[in-house]
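Each chain is listed here by its residues.
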Amino acid sequence: MGITTVATPTMPTTDTLRLLAWLSPAFPVGAYAYSHGLEWAVEAGDVSDAASLEAWLADALERGAGRNDMILAGIAHRAAAAGDGDALAAANDLALALAPSRELHLETSQQGRSFLDATAAAWPHPALQAVCAALPGLVAYPVAVGATAGAHGLDRDVTVASYGLAFVQNLVSAALRVAPIGQSAGTRIVAALSPRVAVLAESVREAGLDDLGTATLRVDLGSFRHETQYSRLFRS
């Protein structure tokens, strides 16, 4: 997932570069293999041009998994920073349970496990070892990202906002492969949604587990239908 972040007084340049590396398309989590149901949305005609893609992405971000994931990343960050393994495990269990379909469960758990293993190997840290001990099995992707950032002492607000933008950028990248959307249009969509990511990140700053919830039923149903879609490029 590619992102762009700017160093702030609470986020030194070295920390910003670390976060950029973790959310880069080159990071070995397999993000390129998943479309979060977008492939079915294109097949069904829900997404057919730049305008419909932007609307679909905005809903997925603000009313769907994007918002939930940003909340979960923030919760995991707090738990890891505090060394609260029980809270971290509880958040992860709920995050995995919230996946509405087999494919979306695979999407978050495969990326989460890959992310945690890769960062623990390349960026070892005593606090990250504790995170790995608390999350020995399946790990939801936003939990893995938030917990790793918390263990390394990265700024929570920047981490959550960066995760949200990476969510958008990865789905735009998927759309370029399956929808009649050009790169210039995709870039404009990222630019248009970036301020909404920032507003969303601010709105969920103090959110807890009780604030989780989605209203993107068609995305959820589409993920079920994608499992039997005749021609597929993506795993979700």
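All of the points below concern the structure found in this document. (Residues numbered from 1 in each chain as written. Predicted model: local features only at pLDDT ≥ 70, side-chain atom pairs only at ≥ 80, totals over all residues. Heavy atoms only, no water.)

## Considerations on the overall build of the protein
Right, on to step 1. Counting its regular elements, the protein contains 11 helices and zero strands.
Right, on to step 2. Seen in sequence order, the protein has helices and strands lined up from the N terminus as α-α-α-α-α-α-α-α-α-α-α.
Right, on to step 3. The C-alpha atoms of the protein give 17 Å as radius of gyration, which agrees with the globular expectation for 236 residues (18 Å, within 12%).
Right, on to step 4. Its C-alpha atoms give the protein principal-axis dimensions of about 50 × 35 × 30 Å.
Right, on to step 5. When the 236 residues of the protein are sorted by exposure, 52% land in the buried category.
Right, on to step 6. Distance between charge centroids for the protein: 4 Å, based on 15 positive and 23 negative side chains. (Helix = DSSP H or I, 4+ residues; strand = E, 2+ residues; numbered from the N terminus. Rg over C-alpha atoms; globule rule 2.2 N^0.38 Å. Buried < 20%, exposed > 50% of the residue type's maximum accessible area, 1.4 Å probe, protein only. Lys, Arg positive; Asp, Glu negative; His and termini not counted. Charge placed at Lys NZ, Arg CZ, Asp CG, Glu CD.)

## A few points about the packing of aromatic side chains
Right, on to step 1. In this structure the tally under the stated criterion is six aromatic pairs.
Right, on to step 2. Each ring, one from F27 and one from W123, has its centre 6.1 Å from the other, and the planes form 35°; the classification is tilted. Placement of F27 in the loop between α1 (13–22) and α2 (38–44) and of W123 in the loop between α6 (102–122) and α7 (126–134) is noted, with a sequence separation of 96 residues between them.
Right, on to step 3. Summarising the aromatic geometry, the rings of Y141 and Y163 are spaced 5.6 Å apart at their centres and angled 50° between planes, so their arrangement reads as tilted. Of the two residues, Y141 sits in helix α8 (residues 141–151) while Y163 sits in helix α9 (residues 156–178), which places them 22 residues apart along the sequence. We note that Y141, like Y163, is buried.
Right, on to step 4. Pairwise contacts between aromatic rings join W22, F27, F115, W123, Y141 and Y163 into one cluster. (Phe/Tyr/Trp six-rings, centres within 6.5 Å; stacked < 30°, edge-to-face > 60°.)

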